[in-house]
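Take a look at the letters that make up each chain.
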Amino acid sequence: MTVEPTIAPSTFSTALAEIQARQTAAWPAQVPRAVAYPIESMAVVDYLRHWAALRPDATAIAYYGRDVSYAEYDELSDRFAGWLLANGAEKGDRVGVYLSNCPQFLVAMLGILKIGAVHVPINPLFRAHELRHELTDAGVTILLAQDNLAPLVDEVRADTPLRLLAYTALSDMFAAAPAVAAPFETTTADTDWHRIIESPRAPAQPADPDALAALNYTGGTTGMPKGCEHTQRHMVYTAATATVANGFPVGERAIVALNFLPVFWIAGEDFGILLPLVNGGTAVLMNRWDAGTALSLLDRYRVTSMVAMIDNYVEMLDHPAFDPAGLIALENTTGISFVVKLNAEIRARWRAATGLTLRETSYGMTETHTADTFTLGLQDDDYDLRSEPVFCGLPVPGTDILIVDDDGVPVPIGTEGQIIVRSPSILTRYYGNPEATAATVRAGWLQTGDVGKLNEFGALHYLARNKEMIKVNGMSVFPSEVESLLMLHPQIQTVGVVPKPDPQRGQVPLAFVQLIPESSVAPAELRSWAKQNMAGYKVPEIQILDELPMTATGKIRKGELFTMTERIAATESEDIQ
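Because the structure is predicted, anything quoted here is derived from the model rather than measured.

Participant: Hey, could you go over the side chain of K538 for me, with residue numbers and the actual values?
Facilitator: Note on placement: K538 falls in the loop between α16 (523–533) and β25 (541–544). According to the relative accessible area criterion, K538 is buried, its value standing at 3%. Polar side-chain contacts of K538 include one of 2.8 Å to the side chain of E130. A distance of 2.5 Å separates a polar atom in the side chain of K538 from a polar atom in the side chain of E481. In contact with K538, other than residues within four places in its own chain, are F126, E130, V477, E481, V482 and P509.

In structure tokens form, the structure reads like this:
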């Protein structure tokens, strides 16, 4: 249910006052209570210019030994902006970036923002239907893509608004063999990138921190993904509050952040691009996870901050090359529990090896630009791990969190309900979708659809994501999107997708399919088709039914599908044992 405007504002004010009093009393001493910004501007591009002027030779981006200084970062993004302008780009134009982790992604993003255009990050795992939808829905007219993705772009280009296309290779920023082994070919490629960075630098122009700056796509309970409208103010606020959540005033430390999370993903953008940039630090990028390479980079760049899956920390501890001396600069290590959950034993191992406390990262979602809470200072006696899962901590400065009932009324402390969030970084709107915006943002509060509760300190406990959302190795999969894609198959009549537990990946999508009359297509054939038409992590397991359980009004009874899934998962577990 959503919060209705008819609920008296005083109801929220009274609830907030009680919760904020509890939060103030519990606030850890090492976490600043407010955010002080090192410059007046709330535009990301001005932070790049600030640090390029103040610390031009400092390393801004490190990529397998290829170091990009702040001066070079500023210049390259100016040249990318100049290339856009020379090709007719204007303020408000949507420019797509279809790359995996590489310096070109960061350069392009800042170049796009410098001319007031709109950055549209696109998942490089997309298949044709997904790519076509995002390019069309966002109205992308210019696209920078990875060279090996050219066949997919060619397949969909005629159906999209694209008018200009350029390619770059992952190795384009290397002038010689990389100092740290990279997980891709590093031979010189003849791509458009070399010509782009020869463009004249775009003249600096004032940035509007409140103009549409990015469309970050997210799934939902109906249909294909929606574009969340975000601004540069949203970006700076998120990076700044993530900084104080690590115990530091903004700009006090040149944070060196190791990041392998995909930077097209909002969490990767926050921790792998914005956090180091706003602090004048270094983004140490990995194209993909490898424990040995991570250990080498942690040592080489004296990394101070790291966000990774709990599995990744265990891999490093177990790696033959693990040496605590190489991690001596680390100040903050936060983990994401998906397949392997953070527990007291893993924390104790990490603390014994490094002297650091491994803690859970924040609660957040694409609509809020993520990083809405912090857990620093709340680990005494493993309080967070002994609490009812999952402990997400206190809201970052400037953010409010309430729990409401089905009527949208705040509930007492300790009572479960829907999590709603109010913060300076909540999406402006869903792009081109006023109905979804009206349903999701009410009186300044984001209706998350997630279930949680607040404890006696006013700290958030996350209990369940919107019931239908699926997490596959940490990546969000929305059943409605998988259903929409599967319905493109000519022999599928009806389909319902629900999450199924999986010991290796946390969860996987399970699709219950009703075929058209007289169809004899097999589950394996449908799965093979799905692999060709959607990103690999979204590909569902298939169960074919004679007919799906339906309500009298023609809706699928998802509850019955959940029950079927529980039986299937239990049977599989018994077979393994």
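Participant: Can you lay out the confidence of the model for the chain for me, pointing to particular residues and giving the numbers?
Facilitator: When pLDDT is averaged along the chain, the result is 92; 96% of the residues meet or exceed 70. Scored below 50 in pLDDT, residues 1–5 makes 16 contacts in the model with residues more than four places away or belonging to other chains.

Participant: Explain helix α1 (residues 9–26) to me, using residue names and the numbers behind them.
Facilitator: In this model α1 runs 26 Å from its N-terminal to its C-terminal C-alpha over 18 residues, within 8% of the 26 Å that 1.5 Å per residue would give. For α1, every residue scored as buried is listed here: F12, A15, L16, I19, Q23 and A26. On an axial view of α1, the arc spanned by its buried residues comes to 100°, and they lie on one face. Turned more than 90 degrees away from the buried face of α1, the exposed residues are T14 and A25. For α1, the elements touching its buried residues are β15 (391–395), β16 (400–404), β17 (417–422) and β19 (445–454).

Each value, and the rule that gives it
Residues numbered from 1 in each chain as written. Predicted model: local features only at pLDDT ≥ 70, side-chain atom pairs only at ≥ 80, totals over all residues. Heavy atoms only, no water. Helix = DSSP H or I, 4+ residues; strand = E, 2+ residues; numbered from the N terminus. Buried < 20%, exposed > 50% of the residue type's maximum accessible area, 1.4 Å probe, protein only. Polar contact = N/O pair within 3.5 Å; in protein donor to acceptor, adjacent residues only side chain to side chain. Contact = heavy atoms within 4.5 Å. pLDDT = per-residue confidence, 0-100. Expected span 1.5 Å × (residues − 1). Arc of directions from axis to C-beta.

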